[in-house]
Amino acid sequence: MGATRLVLADMCKTYRRAFTLGPISLTVTEGVTCLVGPNGAGKSTLFRLAAGVDRPTSGSVRLETDDAGQGLGYLPQEPQLPGSATCEEFLHYVAWLQRIPRQRRSEAVELVLDQVGLSDRRSSRIRELSGGMRRRLGIGHALVHGPALVLLDEPTVGLDPKQRIGLRQTVGQVSQNRIVLVATHLVEDVRGLADRVIVLNEGAVVYDGDVPGLERLAEPDAAGDTDLERAIAGLMGDSE
Ligand SMILES: Nc1ncnc2c1ncn2[C@@H]1O[C@H](COP(=O)(O)OP(=O)(O)OP(=O)(O)O)[C@@H](O)[C@H]1O
């Protein structure tokens, strides 16, 4: 897979003058970028724009990739998975939905089962899986067609600490050679996952950089358990 970039150029999205996201100009490259911000900051709006299901009011959003037809993968916050299907059956069905030719479907399913660490659970019914495995299968669902851009909405919510660690490892592995955008409220996800962090507050980008750079913004005597938490809370201003 070649170099992929998501390019936002002077992009604005306004909802009936009540809320404006932007203007934002930035380029997201391969790896994991975490999108952090309080409720209403504009994370879902940015996801919709990145996915192309919504259009900016002004400026542009472009996915540039060398690979034709790679498209998009999306893990919603509450993925609906058919409990009585096995992992393998479900992924085969997704591969069919994604119009992967019949002769390539088994190979695509094998690859994804391996990527999300479910090869040995291929014959398990989905309702028998743990919450963490189900979430990994949800990521698998987003990956079957080999998308250049993957959007994960709160992927670790509701998981126990061990499951969260497993899921972060999976996300890290699948982010090679593609852009993974993760919307999250969880500071631990940012530390464990992010190559890059974009903090949004009231529709504006208030930080864009790496985790150590964000930690350095922490006010030593501010409330919070870690520098990362103090830094993010500090960027939220009075809105929290
Ligand atoms: N279709 C819409 N029409 C009008 N306003 C909208 C629409 N979608 C979102 N908004 C408003 O835009 C703002 C940003 O919403 P958005 O859902 O992007 O925030 P968020 O950061 O994803 O929040 P959360 O963490 O709660 O999901 C909110 O004030 C919301 O009410």
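Residues numbered from 1 in each chain as written. Predicted model: local features only at pLDDT ≥ 70, side-chain atom pairs only at ≥ 80, totals over all residues.

We now examine the overall build of the protein chain. Of regular secondary structure, the protein chain possesses eight helices and nine strands. Relative to the 2.2 N^0.38 estimate, which gives 18 Å for 240 residues, the radius of gyration of the protein chain is 18 Å and therefore close to what a compact globule would have. Along the first, second and third principal axes, the C-alpha set of the protein chain runs to 55 × 40 × 30 Å. Long-range pairs, those at least 24 residues apart, make up 68% of the contacts in the protein chain with a sequence separation of at least 6. (Helix = DSSP H or I, 4+ residues; strand = E, 2+ residues; numbered from the N terminus. Rg over C-alpha atoms; globule rule 2.2 N^0.38 Å. Contact = placed C-beta atoms within 7 Å.)

Right, let's talk about the pairing of strand E2 (residues 19-28) for a bit. In the sheet, strand E1 (residues 4-15) pairs with E2 via seven bridges, with the strands oriented antiparallel. Opposite Met11, over in E2, you have Ile24 as the bridge partner. Taking the residues between adjacent antiparallel strands as the criterion, E1 and E2 are bridged by three residues, where Arg16 takes a positive phi near 40°. (Pairing = 2+ DSSP bridges.)

Moving on: the environment of Ala194. Here Ala194 lies in the loop between helix H6 (187-193) and strand E8 (196-201). Each C-alpha atom, one on Ala194 and one on Asp210, is 7.6 Å from the other, the two residues being 16 residues apart in sequence. When neighbours within four sequence positions are excluded, Ala194 is seen to be in contact with Val32, Thr33, Cys34 and Val211.

Attention now moves to the site of the ligand. Taken together, the residues surrounding the ligand are Tyr15, Phe19, Gly37, Asn39, Gly40, Ala41, Gly42, Lys43, Ser44 and Thr45. Counting residues per element, the shell around the ligand draws most heavily on helix H1 (residues 43-51), at three residues. Taken together, the residues of the shell around the ligand sort by class into three nonpolar, six polar and one charged. (Near = placed C-beta within 6 Å. Nonpolar A, V, L, I, M, F, W, Y, C, P; charged D, E, K, R; others polar.)

Strand pairing within a sheet occurs via backbone hydrogen bonds; the two strands may be parallel or antiparallel. Spatially, six strands are ordered E5-E6-E7-E3-E8-E9 in an open sheet, and the strand pairing comes out mixed. Each edge of the open sheet is held by one strand with a lone partner, namely strand E5 (72-75) and strand E9 (204-209). On average, adjacent strands in this sheet sit at an angle of 15° to one another, irrespective of strand direction. Relative to E8, strand E3 (residues 31-36) runs parallel, the two being bridged by four bridges. Counted as the bridge partner of Thr33 is Arg196 from E8. The strands touched by helix H4 (residues 131-143) are E5 and strand E6 (149-153); relative to E5, the strand with the most contacts, the crossing angle is about 160°. Across the face of the sheet, helix H5 (residues 161-174) comes into contact with E3, E6 and strand E7 (179-184) while running at roughly 150° to E7. (Axes fitted to C-alpha atoms, helices over the stretch in contact; angles between N-to-C directions.)

In short, shape yes, function no, at least from these values alone.
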